[in-house]
Amino acid sequence: MNMYCQSAFHQLEVVIASISEIAGQLTEEELALRPTEEKYSIGELLEHLSIIPAADGKVAESASEEEMNALYRSYSLHSKEEILERLFEHFSQLKTQYENYTEQDLHTETVSWWGVTYTRYEWLLQIVAHMYHHRGQLHAMLVHSYRKDPEILLFE
């Protein structure tokens, strides 16, 4: 694997480990907590985090809006165990996807269904940013809305 991709995947491992640690501290009842009406509950946010590696990996391959909608509709996870199992599974799939790319593949531009063009390497950077963004949301929801500080390292 390209050394820059290895570094990006290391960052994904860091963020996924911290998400797993946070989720491990939550009760199943806490998954239903929704600090802001019409926004994700804690469980829904964790579910979204679990699908990002799979969904954004498809975006890097120019999946259509219809394909993406079908992917999102196919997921309905309810327990922490299901969510974490899918998160690790999707991370593994994404890593395999990127391990199989050549240097040329990484520099190939692909277009998202909403019209953004990036190289596959840039899409990987977006995936890292996407995961950290939502991990930050999860942490903020717990700390600021529910006074539940997971007290974990968020960065190495």
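Only a predicted model underlies this, so the values are computations on that prediction, with no experimental measurement involved.

S.K.: With reference to specific residues and values, describe the nonpolar core.
M.R.: Judged by nonpolar contacts, the single largest core of 44 residues is most densely connected at Leu 12, Leu 46, Tyr 98 and Met 131. Elements with a minimum of two residues in this core: helix 1 (3-24), helix 2 (42-59), helix 3 (65-73), helix 4 (80-99) and helix 6 (120-146). Counting residues per element, this core draws most heavily on helix 1, at 10 residues. Ignoring anything within four residues of it in the chain, the contact list for Tyr 98 reads Met 1, Cys 5, Phe 9, Ala 60, Leu 106, Arg 120, Trp 123 and Leu 124.

S.K.: Could you give me a rundown of the packing of helix 1 against helix 6, with the residues and numbers involved?
M.R.: One way to put it is that helix 1 packs onto helix 6 with a least axis distance of 10 Å and a crossing angle of 20 degrees. The orientation of helix 1 relative to helix 6 falls into the category roughly parallel. Every pair of crossing elements has a handedness; the one defined by helix 1 and helix 6 is left-handed. Between helix 1 and helix 6, the contacting residues are Tyr 4, Cys 5, Ala 8, Phe 9, Gln 11, Leu 12, Val 14, Val 15, Ile 16, Ser 18, Ile 19 and Ile 22 on the first element and Tyr 121, Leu 124, Ile 127, Val 128, Met 131, Tyr 132, Arg 135, Leu 138 and Leu 142 on the second. Considering only residue class, the contact of helix 1 with helix 6 consists of 18 nonpolar, two polar and one charged.

S.K.: Can you explain helix 2? Please cite residues and give values.
M.R.: For an α-helix, the turn length of 3.6 residues means that residues three or four places apart are oriented alike. Counted at 1.5 Å a residue, the expected span for helix 2 with its 18 residues is 26 Å, and the 25 Å between its end C-alpha atoms agrees. Of all bends in helix 2, the biggest is about 45 degrees, found at Ile 52, and the proline Pro 53 comes one to four residues later. Most of helix 2 sits inside the fold, with 16 of its 18 residues counted as buried.

Calculation notes
Residues numbered from 1 in each chain as written. Predicted model: local features only at pLDDT ≥ 70, side-chain atom pairs only at ≥ 80, totals over all residues. Heavy atoms only, no water. Core = buried A, V, L, I, M, F, W, Y, C linked by side-chain atoms within 4.5 Å. Buried < 20%, exposed > 50% of the residue type's maximum accessible area, 1.4 Å probe, protein only. Helix = DSSP H or I, 4+ residues; strand = E, 2+ residues; numbered from the N terminus. Contact = heavy atoms within 4.5 Å. Axes fitted to C-alpha atoms, helices over the stretch in contact; angles between N-to-C directions. Parallel < 35°, antiparallel > 145°, perpendicular 65-115°, else oblique. Left-handed = near helix turned anticlockwise from the far one by under 90°. Nonpolar A, V, L, I, M, F, W, Y, C, P; charged D, E, K, R; others polar. Expected span 1.5 Å × (residues − 1). Bend = angle between axes of the 7 residues up to and from the residue.

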